[in-house]
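Inside the fold
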Amino acid sequence: MNHSTPAPSLRKITVPSLRQFKRQGDKISMLTCYDAAFADSLDRAGVDIILVGDSLGMVVQGRADTLAVSVSDMVYHAAAVRRGTTRPLLLVDMPFQSYANEQRALDAAHRLVAEGGAEMVKLEGAGPVLDAITYLAQREIPVCGHLGLTPQSVNRLGGFKVQGKEQSAAERLVEDAKRVQQAGAELLVLECVPAGLAKRITSELDIPTIGIGAGSECDGQVLVLHDLLGVTPGNRPRFVKDFLAEGGSVQGAVRAFVEAVRDGAFPAAEHSY
Ligand SMILES: Nc1nc(=O)c2c([nH]1)NC[C@@H]1CN(c3ccc(C(=O)N[C@@H](CCC(=O)O)C(=O)O)cc3)CN21
Ligand SMILES: CC(C)C(=O)C(=O)O
Ligand SMILES: [Mg+2]
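Given the structure is predicted, the values throughout are model-derived calculations rather than measurements.

This brings us to the site of ligand 1. Around ligand 1, 18 residues are found, and the nearest of them are Val162, Glu191, Asp227, Arg238 and Tyr273. Within the contact set of ligand 1, an oxygen atom lies 2.9 Å away from a backbone nitrogen or oxygen of Val162. In the environment of ligand 1, an oxygen atom lies 2.5 Å from a nitrogen or oxygen atom belonging to the side chain of Tyr273. When isolated, ligand 1 has an accessible area of 670 Å², and the protein chains bury 76% of it. Looking at the shell around ligand 1, its residues break down into twelve nonpolar, two polar and four charged.

Right under this line is the structure:
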């Protein structure tokens, strides 16, 4: 334990308070988590939102992408996380094709909420996904959007690549972000987009943006837990920072991340595109 880092204050973020955090400029910290022990650790370190991400297909299951993750996989891990903690807001990813139409989306999201304990679910993309976002939001299931590099689109995108670099693609992303908010999302993850574009989207929305490889001007930041602890197999994307090195322990690393997000020290220019 690194005793030089004091415990960040433990605050509870509820869905209706999200826009208030944005208005007040209080930066939101989010980390992925897939089991009960780490959930308790993240809770005590002051993480605001826990994401049970479909990245578990890669870091837990050892696959090359997130496409084979099932709703049952997500329920299994969400329920484990749910037993480990009560304070952080629990956000759970909807896996690939589980929201291909409205009825499938409601069935899958219902399982994530009822069996997994999710308080909010995340869907990637816009276009036809906007109908699923609206359908869930109107049925008391809070929704988080996810734009930019959407890993479930990896085969169409041709790899895990930065998005919105061209002017026309940037304009499309701004419009999609507004549509996701209009459809009823209360939160939006922006992944691997240029910092200037993320800043513009953040300023044009009323809902908070959470960035990963999206610069320091988002309303919050998210990282994959394994990346923060330096145990990611293979290549390390540019936005990753190993907080274990400075934190000295798991608890210290997570605290260092929470503090760095709150005071704006993370991400630095070297972590941004
Ligand atoms: N461990 C882990 N961390 C993640 O952040 C993550 C996952 N897994 N799995 C699901 C997706 C996949 N993600 C990724 C994976 C690779 C890059 C990557 O290598 N990016 C290049 C950018 C290449 C370019 O310039 O376009 C980089 O060098 O940062 C980015 C996001 C983010 N998510
Ligand atoms: C990288 C984050 C945003 C995610 O969606 C995941 O971990 O699955
Ligand atoms: Mg995901």
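Every protein donor of the magnesium ion (ligand 3) is accounted for by Asp54 (OD) and Asp93 (OD), and the metal-donor separations fall at 2.2 Å. Within this pair, whereas Asp54 is found in the loop between β2 (49–52) and α3 (56–59), its partner Asp93 is found in strand β3 (residues 89–93), the two being separated by 39 residues in sequence. Residue class for Asp93 comes out buried when judged on its relative accessible area of 4%.

Moving on, we come to the packing of helix α8 (residues 167–183) against helix α9 (residues 195–204). Two elements in contact, α8 and α9, have axes whose closest approach is 10 Å; the angle formed by their N-to-C orientations is 30°. On the basis of their axis angle, the class for α8 and α9 is roughly parallel. For the pair α8 and α9, the crossing hand works out as right-handed. Touching Ala170, Glu171, Leu173, Val174, Ala177 and Lys178 of α8 are Leu197, Arg200, Ile201 and Glu204, all from α9. In the contact of α8 with α9, the residues fall into six nonpolar, no polar and four charged.

Turning our eyes to something else, we now look at the UniProt feature "active site" (unreviewed entry) in the protein. The sites that UniProt annotates as "active site" (unreviewed entry) are Glu191. Mapped onto the elements, Glu191 comes out in strand β6 (residues 187–191). What makes Glu191 buried here is its relative accessible area of 11%. Apart from the residues lying within four places of it in its own chain, the contact partners of Glu191 are His146, Leu147, Gly148, Leu149, Pro151 and Ile212.

Counted under the stated rule, the structure contains 14 salt bridges. Among the salt bridges present, the one from Arg87 reaches Asp43, with a minimum N-O distance of 3.1 Å. Residue Arg87 is located in the loop between α4 (71–84) and β3, and its partner Asp43 is located in helix α2 (residues 36–45); the two are separated by 44 residues in the primary sequence. Among the residues examined, Arg87 registers a relative accessible area of 11% and is labelled buried. Among the salt bridges present, the one from Lys178 reaches Glu175, with a minimum N-O distance of 3.9 Å. Highlighted residues: Lys178 and Glu175, both in helix α8, separated by three residues, approximately one helical turn. With a relative accessible area of 34%, Lys178 lands in the partly exposed category. By relative accessible area, Glu175 is classed as partly exposed at 36%. Ionic contacts of the salt-bridge type, sharing partners, join the residues Glu171, Glu175, Lys178, Arg200 and Glu204 into one network.

Thresholds, definitions, all that
- Residues numbered from 1 in each chain as written.
- Chains lettered and ligands numbered in written order.
- Predicted model: local features only at pLDDT ≥ 70, side-chain atom pairs only at ≥ 80, totals over all residues.
- Heavy atoms only, no water.
- Near = heavy atom within 4 Å.
- Polar contact = N/O pair within 3.5 Å; in protein donor to acceptor, adjacent residues only side chain to side chain.
- Areas by Shrake-Rupley, 256 points an atom, 1.4 Å probe, with all protein chains shown as cover.
- Nonpolar A, V, L, I, M, F, W, Y, C, P; charged D, E, K, R; others polar.
- Donors = N, O, S within 2.8 Å, 3.2 Å for Na, K, Ca; no water.
- Helix = DSSP H or I, 4+ residues; strand = E, 2+ residues; numbered from the N terminus.
- Buried < 20%, exposed > 50% of the residue type's maximum accessible area, 1.4 Å probe, protein only.
- Axes fitted to C-alpha atoms, helices over the stretch in contact; angles between N-to-C directions.
- Parallel < 35°, antiparallel > 145°, perpendicular 65-115°, else oblique.
- Left-handed = near helix turned anticlockwise from the far one by under 90°.
- Contact = heavy atoms within 4.5 Å.
- UniProt positions renumbered as here; feature names shortened; annotations may be inferred.
- Salt bridge = Lys/Arg side-chain N within 4 Å of Asp/Glu carboxyl O.

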